[in-house]
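# Per-entry structural report
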Amino acid sequence: MSIHASGETDDGPGEGTLIVLAKAPVPGRVKTRLTPHFTPQQAAALARAALQDTLDAVLATPARRRVLCLDGAPMQWLPEGIEVVPQCAGGLDARLAAAFALYEGPALLVGMDTPQVTPELLARGLDFAGTDAWFGPALDGGFWALGLAEPDPGLLLGVPMSVSHTGAVQRRRLTASGRAVRDLPALRDVDTPDDAERVAASTPGTRFAALHAELCAAVR
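Reference entry: report on the structure contained in this document. Given the structure is predicted, the values throughout are model-derived calculations rather than measurements.

## Regarding helix α4 (residues 166–176)
The set of residues buried in α4 consists of Thr166, Gly167, Val169, Gln170 and Leu174. Looking straight down α4, one finds that the buried residues subtend no more than 165° of arc, so they occupy a single side. Opposite the buried face of α4, by more than 90 degrees, sit the exposed residues Arg172 and Ala176. Contacts from the buried residues of α4 go to β5 (133–137), β6 (143–148) and β7 (181–183). A positive backbone phi angle near 90° is found at Gly178, which sits one or two residues after α4.

## Some thoughts on the packing of aromatic side chains
For the structure on display, the rule yields 1 aromatic pair. Ring plane angle 40° and centroid distance 5.6 Å describe the contact between Phe135 and Phe143, whose orientation is recorded as tilted. In this pair, the class of Phe135 matches that of Phe143, namely buried.

## Let's talk about the pattern of salt bridges
For the structure on display, the rule yields 8 salt bridges. When the shortest N-O distance is used, the salt bridge between Arg207 and Asp56 registers 2.3 Å. With Arg207 in helix α6 (residues 207–219) and Asp56 in helix α1 (residues 40–59), this pair connects stretches of sequence that are 151 residues apart. A relative accessible area of 39% means that Arg207 is categorised as partly exposed. A relative accessible area of 35% means that Asp56 is categorised as partly exposed. Taking the shortest distance from any N to any O, the salt bridge between Glu83 and Arg65 comes out at 2.9 Å. Taken together, the positions of Glu83 in strand β3 (residues 83–86) and Arg65 in strand β2 (residues 65–71) put the pair 18 residues apart, joining distant regions of the chain. For Glu83, a relative accessible area of 2% gives the class buried.

## Focus: the side chain of Thr131
By the secondary structure assignment, Thr131 is in the loop between α3 (119–125) and β5. In this structure Thr131 comes out as buried when scored by relative accessible area, which is 5%. Within the structure, Thr131 has its side chain in polar contact with the backbone oxygen of Ala133 (distance 3.1 Å). Setting aside anything within four residues of it in sequence, one finds Thr131 in contact with Ala149, Ala180, Val181 and Arg182.

## Some words on the packing of α1 against α6
Closest axis-to-axis distance for the α1/α6 pair is 8 Å, and the angle between their directions is 160°. Between α1 and α6, the angle is such that the two are roughly antiparallel. For the pair α1 and α6, the contacting residues are Gln42, Ala45, Leu46, Ala49, Ala50, Gln52, Asp53 and Asp56 in the first and Arg207, Phe208, Leu211, His212 and Leu215 in the second. Here the contact of α1 with α6 is built from residues that sort into 7 nonpolar, 3 polar and 3 charged.

## As for unusual backbone geometry
Here Thr35 and Pro36 are connected by a cis peptide whose omega angle stands at 5°. Here Pro36 shows up in the loop between β1 (17–23) and α1. In this model, Lys31 sits at a positive phi of 50°, which is unusual for a non-glycine residue. Here Lys31 lies in the loop between β1 and α1. Lys31 sits in the buried class, given a relative accessible area of 13%.

Cut-offs applied
- Residues numbered from 1 in each chain as written.
- Predicted model: local features only at pLDDT ≥ 70, side-chain atom pairs only at ≥ 80, totals over all residues.
- Heavy atoms only, no water.
- Buried < 20%, exposed > 50% of the residue type's maximum accessible area, 1.4 Å probe, protein only.
- Helix = DSSP H or I, 4+ residues; strand = E, 2+ residues; numbered from the N terminus.
- Arc of directions from axis to C-beta.
- Contact = heavy atoms within 4.5 Å.
- Phe/Tyr/Trp six-rings, centres within 6.5 Å; stacked < 30°, edge-to-face > 60°.
- Salt bridge = Lys/Arg side-chain N within 4 Å of Asp/Glu carboxyl O.
- Polar contact = N/O pair within 3.5 Å; in protein donor to acceptor, adjacent residues only side chain to side chain.
- Axes fitted to C-alpha atoms, helices over the stretch in contact; angles between N-to-C directions.
- Parallel < 35°, antiparallel > 145°, perpendicular 65-115°, else oblique.
- Nonpolar A, V, L, I, M, F, W, Y, C, P; charged D, E, K, R; others polar.

Here you go:
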């Protein structure tokens, strides 16, 4: 484990761990479905902007620890106040499970594909009063957030990932375990050029929206 900063806070209600699962924004390795509408370099820049917006929201949310579980190397885009741990090898289900296994106590895990996430949404997903789990569905059938009052990596292993019923299977896993589950609002992942346009339009003031507008203006 390499630690960029402690991530500790004395903000009172922040008792849980916030985890962001992400790939380093390297051209050709991230957001490949944005090409050829955008070049690989532009797609990576949009991925970096989305990740930075997500980390901004994480830093503004009261939490005991704030962690980036990263595939790749952190660079100058990483802000102070975020711990960095490497992702394990294996499929996405294994990597999600391993991220939860790193920490004890309540945890909320999100991805890097929803730059529209806010501190208010993240704080809601860390509030386990009256529930055992939070589930954030994505409009493509997956999920953008998963919160567990008592993390159990086994809840994720074997869930089919990146298919249209991923979210439905994962949510059934939660309820079948006997946990009380509450839902966060459905959000759109940024995967395609249409996704990018819709998310940028809905998030004025973000790095992602500003860069998207800049790149689109350059090709007109």
